[in-house]
Amino acid sequence: MVSKSILFSRIAYNIILFVRHMIGVVQTPYETYRRLAKGEHLLQILPLLLVCIGYFGWSSLVHHGITAHPYLLTFSFGKLVAGFIITYILVIVSLVGVSRVIGGVGGFRTILLPWTYSLVPTIVWFFATSAMALLFPPPRTVSILGQAFSFLFLSFSLFLFFWKAILYYLTLRLGMKLSMGKIFIASLILFPLGALYAVALYQMGIFRIPFI
Amino acid sequence: MKQDKTYESLVKKMNEVSALSPQTLGPFTSVYRVIIPFFKRAPWRPLMLGSFAVTVIMYMLLGTSVVIVVSILQHGF
């Protein structure tokens, strides 16, 4: 049986690693992803997954309002969490599967941390967009303020999208040791599948934009 | 026998560096090697410039219709 002090030190160590890697993903993504691709200390993904689950609680409240029936809020939250878990597993399995088919070296262990940290821009976008929807509810108008907001929002979204693209590239480059050409081929297979999956999620009323 | 720590760390570093073959892109390899260092440290700087430039291009292409795109995106969370 693991003693309490060992357990505490393990938790503290993984929290420190999490904070260090969060800063690294922003400042030095290449070096950070090299470390993450080693697949060590997997417990550090827990804080990030908890933030994701926290977002789904927040999102349910924003969508239905704080006065909504608890049953409705619980159902909405459960639906989002289930959608997220299934998507998360499917994406990791697809990344590993497709990469291996085209000659990648690595496995679930080497891709788990890089892909999980690539959720950081996703979380930031979803949190920011939900907060913006509360403060400045859509639709936008063509007034000067509406245009200015649209410009800033679009720049912000594109910035996070490009950041996500870099982290996706590093996940396959360092997690599965693929060359850029092979990453391109993998993307040609993965993106259409992802698009179909996103349409399915939309039709089921889970995510309008997939939480990937 | 006393272990040589410097040698061990050098071997570890060599293994880490050689685990990944260098990226080549045919005739574009030299361009790739010029651009990539900007993305290895603080990539948010070139990304901010890039996203600003793409937004300006979108405004030039779509005009005020950009607000429709933003309204759709705002419903996406």
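About the cut-offs
Residues numbered from 1 in each chain as written. Chains lettered and ligands numbered in written order. Predicted model: local features only at pLDDT ≥ 70, side-chain atom pairs only at ≥ 80, totals over all residues. Helix = DSSP H or I, 4+ residues; strand = E, 2+ residues; numbered from the N terminus. Rg over C-alpha atoms; globule rule 2.2 N^0.38 Å. Contact = placed C-beta atoms within 7 Å. Core = buried A, V, L, I, M, F, W, Y, C linked by C-beta atoms within 7 Å. Buried ≥ 20, exposed ≤ 12 C-beta atoms within 10 Å, placed from the backbone. UniProt positions renumbered as here; feature names shortened; annotations may be inferred. Axes fitted to C-alpha atoms, helices over the stretch in contact; angles between N-to-C directions. Parallel < 35°, antiparallel > 145°, perpendicular 65-115°, else oblique. Left-handed = near helix turned anticlockwise from the far one by under 90°. Nonpolar A, V, L, I, M, F, W, Y, C, P; charged D, E, K, R; others polar. pLDDT = per-residue confidence, 0-100.

(A) Local environment of the overall build of chain A. Tallying secondary structure elements over chain A gives 8 helices and 0 strands in all. For chain A, the α and β elements follow one another from N to C terminus as α-α-α-α-α-α-α-α. Computed over the C-alpha atoms, the radius of gyration of chain A is 19 Å, within 12% of the 17 Å expected from 2.2 N^0.38 for a compact globule of 212 residues. Overall size of chain A, expressed as C-alpha extent along the three principal axes, is 50 × 50 × 35 Å. Long-range pairs, those at least 24 residues apart, make up 72% of the contacts in chain A with a sequence separation of at least 6.

(B) How the structure looks around the nonpolar core. Among the nonpolar cores identified, the biggest contains 37 residues, and A:Leu95, A:Ile111, A:Tyr117, A:Trp163 and A:Leu172 are the most heavily contacted of them. Looking at this core, the elements that each hand over two or more residues are helix H2 (29-36), helix H3 (45-64), helix H4 (70-101), helix H5 (108-117), helix H6 (119-135), helix H7 (144-175) and helix H8 (180-203) of chain A. A total of 9 residues in this core trace back to one element, the largest contributor, which is H7(A). Excluding its chain neighbours within four sequence positions, the residues that come into contact with A:Trp163 are A:Pro121 and B:Leu47.

(C) Here's a closer look at the UniProt feature "transmembrane region" (unreviewed entry) in chain A. Residues and elements named next belong to chain A. Sites flagged by UniProt as "transmembrane region" (unreviewed entry) map to residues 42-61, 81-103, 115-136, 148-171 and 183-202. Across residues 115-136 one finds 91% helix and 0% strand; the C-alpha atoms that close the span lie 32 Å apart. Structurally, residues 183-202 is divided into 100% helix and 0% strand, and its ends, taken at the C-alpha atoms, are 27 Å apart.

(D) Here's a closer look at the packing of H3(A) against H6(A). Residue and element names in this part refer to chain A. At a minimum axis separation of 11 Å, H3 and H6 run at an interaxial angle of 20°. By the criterion of interaxial angle, the relationship of H3 to H6 is roughly parallel. Note that H3 runs across H6; the crossing there is left-handed. Every residue of H6 that contacts H3 at Leu48, Val51, Cys52, Tyr55, Trp58, Ser59 and Val62 is listed here: Leu119, Ile123, Phe126, Phe127, Ser130, Ala133 and Leu134. Counted by class, the contact of H3 with H6 contains 12 nonpolar, 2 polar and no charged residues.

(E) Structural view of the packing of H7(A) against helix H5 (residues 66-74) of chain B. Running from N to C, H7(A) and H5(B) point in directions that differ by 60°, and their axes come no closer than 9 Å. Classed by the angle they form, the pair H7(A) and H5(B) counts as oblique. For H7(A) against H5(B), the interelement crossing comes out left-handed. Here A:Gly146, A:Gln147, A:Ser150, A:Phe153, A:Leu154 and A:Ser157 of H7(A) lie close against H5(B), whose contacting residues are B:Val66, B:Val67, B:Val70 and B:Leu73. Looking at side-chain class alone, the contact of H7(A) with H5(B) contains 6 nonpolar, 4 polar and no charged residues.

(F) Representation of the confidence of the model for chain B within the structure. All names here are of chain B. Considering every residue of chain B, the mean pLDDT works out to 89; 97% of them sit at 70 or more. Helix H4 (residues 44-62) holds the highest mean pLDDT among the elements of chain B, 95, whereas helix H1 (residues 5-18) holds the lowest, 84. Scoring the predicted complex yields pTM 0.92 and, for the interface, ipTM 0.86.

(G) Seen up close, the environment of A:Gly194. Within the secondary structure, A:Gly194 is located in helix H8. Sequence separation between A:Gly194 and A:Pro210 is 16 residues, and the spatial gap between their C-alpha atoms is 9.0 Å.

(H) Molecular detail of the interface of chain A and chain B. Taken together, the 34 residues of chain A in the interface contact 27 residues of chain B. If you list the elements that add at least two residues to the side of chain A that touches chain B, you get helix H1 (4-27), H2, H6 and H7 of chain A. The class makeup of the residues in the side of chain A that touches chain B is 19 nonpolar, 12 polar and 3 charged.

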